[in-house]
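# Tertiary structure, described
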Amino acid sequence: MDTSILAASADKLQHASEVQESLSFPLAYAVTREQAATVGGWWEDQRSIMQPSEFILDGRGNVISATYSTGPVGRLMPEDALKMIEFVAGRKGKD
């Protein structure tokens, strides 16, 4: 299954650029409250950040998994994302 990863952060460009250096995938920056609301993310007023909101989409752009957090616990782990992607790929053509 062909996959892509994209991350987004509420960080400003300077900090996001530092984080981007350690990633092998694109990182969007300066996520706004309105953008967080569009995906149903929880916006934390105290620090002006969107808490983790993670999605796995199928090849047609449909959400097949969504994980929302209100803090640092409960994030989607890479091995769990891979299991979900492999599961969906294995079901392709069986429905």
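Relevant structure appears above.
Residues numbered from 1 in each chain as written. Predicted model: local features only at pLDDT ≥ 70, side-chain atom pairs only at ≥ 80, totals over all residues. Heavy atoms only, no water.

## Description of the overall build of the chain
Stated precisely, the cut-off is as follows: Labels follow the DSSP assignment, with helices taken as runs of H or I lasting at least four residues and strands as runs of E lasting at least two, numbered in each case from the N terminus. In this scheme, a residue with accessible area under 20% of its type's maximum is buried, one over 50% is exposed, and one in between is partly exposed, where area comes from a 1.4 Å probe on protein chains only. Methods summary: accessible areas were calculated by the Shrake-Rupley approach with a probe of 1.4 Å, and residue burial reflects only the protein chains presented. Charge counting follows a simple rule: Lys and Arg are positive, Asp and Glu are negative, and His as well as the terminal groups are ignored. By convention, the point assigned to a charge is CZ for Arg, NZ for Lys, CD for Glu and CG for Asp.
Looking only at helices and strands, one finds 3 helices and 6 strands in the chain. Its helices and strands taken in sequence order, the chain reads β-α-β-α-β-β-β-β-α from the N to the C terminus. Judged by the C-alpha coordinates and their principal axes, the chain covers about 45 × 25 × 25 Å. Relative to its full complement of 95 residues, the chain shows a buried share of 22%. For the chain, the computed accessible surface area is about 7,200 Å², with 54% contributed by carbon and sulfur atoms. Side chains of the chain give 9 positive and 13 negative charges; the mean places of these two sets differ by 7 Å.

## Notes on the pairing of strand 6 (residues 63-68)
Note the threshold: We call two strands paired when DSSP finds no fewer than two bridges between them.
Relative to strand 6, strand 5 (residues 53-57) runs antiparallel, the two being bridged by 5 bridges. Across the sheet, the residue bridging to E54 is T67, located in strand 6. Counting the residues that bridge the hairpin from strand 5 to strand 6 gives 5 residues, and of these G61 lies at a positive phi of roughly 90°.

## Quick look at unusual backbone geometry
The residue A30 is not glycine, and still its phi comes out positive at about 60°. You will see that S48, though not glycine, has its phi angle at about 55°, which is positive. One can find S48 in the loop between strand 3 (43-44) and strand 4 (49-50). What makes S48 partly exposed here is its relative accessible area of 43%.

## Considering the environment of S65
This is how the line gets drawn: Only heavy atoms matter for contacts: two residues are in contact if any of them lie within 4.5 Å across the pair.
For S65, the location among the structural elements is in strand 6. For the pair formed by S65 and M84, sequence separation is 19 residues and the distance between their alpha carbons is 8.0 Å. Excluding residues within four positions of it along the chain, S65 makes contact with E54, F55, I56 and M84.

Shape descriptors only; they carry no functional weight alone.
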